[in-house]
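So you can see what is in the structure, the chains are spelled out below.
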Amino acid sequence: SPGSPFYHKVEQMLLFFKDTYAEVFKFVDPPLHDPCTVAWVAAPHLFKTEMLRVDIETSSPLSYGQTVCDIWRQTGRKPNCRVATAVDLPAFWQLMSDALARADEVSPLNS
């Protein structure tokens, strides 16, 4: 339940993540890459996707390792990856809330 040691730990992690992104990258709202990835596996119907060209930069010393997504289709290269472009936010947060509630029920932090 909210107020449990488990929820307190989750809150601490999310606030640390939020504060770090605000300080380092000046983001008001941090990205949620990992939760979105798990949500996609559990409930792909929540996402709008497109087939796009995605490559990893391996030759530039300035952007080595950067993921490059050709959202404007300027390269003329064949799409090779399904990319999520939108999510049903209320349904996503409900999924997150339900998952946290289930995890809270069995968390050893609450023992």
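Overview of the structure. In this text, all values refer to a predicted model and were calculated from it rather than measured experimentally. (Residues numbered from 1 in each chain as written. Predicted model: local features only at pLDDT ≥ 70, side-chain atom pairs only at ≥ 80, totals over all residues. Heavy atoms only, no water.)

**A look at the overall build of the protein**
Keep this limit in mind: The helix and strand labels rest on DSSP assignments: H or I over at least four residues marks a helix, E over at least two residues marks a strand, and numbering proceeds from the N terminus. Computation of the radius of gyration draws on C-alpha atoms alone. For the globule rule, the value is 2.2 Å times the number of residues to the power 0.38. The classification of residues rests on relative accessible area computed with a 1.4 Å probe and restricted to protein chains. Under 20% of the type maximum is buried, over 50% is exposed, and intermediate values are partly exposed. Note on contacts: a residue pair is in contact if any heavy atoms of the two residues lie within 4.5 Å. Note that accessible areas follow from Shrake-Rupley with a 1.4 Å probe, and for residues the cover is restricted to the protein chains shown. Under the convention used here, Asp and Glu are negative, Lys and Arg are positive, and both His and the chain ends fall outside the count. Just so you know, the charge point we use is NZ for Lys, CZ for Arg, CG for Asp and CD for Glu.
Helices and strands together make up the secondary structure of the protein, namely 3 helices and 4 strands. Each helix and strand of the protein, ordered N terminal to C terminal, gives the series α-α-β-β-β-β-α. Relative to its length of 111 residues, the protein is extended, with a C-alpha radius of gyration of 18 Å against a globular reference of 13 Å. A principal-axis box enclosing the C-alpha atoms of the protein has dimensions of 55 × 35 × 25 Å. Burial analysis of the protein (111 residues in total) assigns 17% to the buried set. Considering only residue pairs separated by 6 or more positions, the protein has 59% of its internal contacts joining residues 24 or more positions apart. Put simply, the protein shows about 8600 Å² of open surface, and 62% of that area lies on carbon and sulfur atoms. Across the protein, the centroid of the 10 positively charged side chains sits 9 Å from that of the 13 negatively charged ones.

**Here's the deal with the nonpolar core**
Note that soluble globular proteins tend to have their nonpolar side chains buried in a common cluster. Which entries qualify depends on this criterion: Side-chain atoms within 4.5 Å link the members of a nonpolar core, which is a set of buried Ala, Val, Leu, Ile, Met, Phe, Trp, Tyr and Cys residues.
Counting 5 residues, the largest nonpolar core is built from A39, A43, L46, F47 and F92. The contact partners of F92, leaving out residues within four places of it in the chain, are L32, P35, C36, A39, L46 and V87.

**Brief notes about the pattern of salt bridges**
Here is the rule we go by: Here, a salt bridge means any side-chain nitrogen of Lys or Arg that lies within 4 Å of a carboxyl oxygen of Asp or Glu.
Under the criterion given, the structure shown has 3 salt bridges. Here D55 makes a salt bridge to R53, at a shortest N to O gap of 3.0 Å. Looking at D55, the relative accessible area reads 26%, which means it is partly exposed. According to the relative accessible area criterion, R53 is buried, its value standing at 15%. Note that R77 and D55 form a salt bridge whose closest N and O atoms lie 3.3 Å from each other. You can see R77 sitting in the loop between β3 (67-69) and β4 (81-87) and its partner D55 sitting in strand β2 (residues 54-56), a full 22 residues away along the chain.

**A closer look at a nonpolar patch on the surface**
Test applied: Patches here: salt-bridge-free residues with over 30% relative accessible area, like charges joined within 9 Å, nonpolar side chains (Val, Leu, Ile, Met, Phe, Trp, Tyr) joined within 5 Å.
Taken together, the side chains of V24, F25 and F27 present a nonpolar region at the surface, about 280 Å² in accessible area. Considering the arrangement of structural elements, one finds F25 in helix α1 (residues 5-25). F25 gets classed as partly exposed once you look at its relative accessible area, which sits at 46%.

**A word on the environment of V106**
Looking at the secondary structure, you find V106 in helix α3 (residues 89-106). With a relative accessible area of 66%, V106 lands in the exposed category. Between the alpha carbons of V106 and F6 there is a distance of 9.5 Å; along the sequence they are 100 residues apart.

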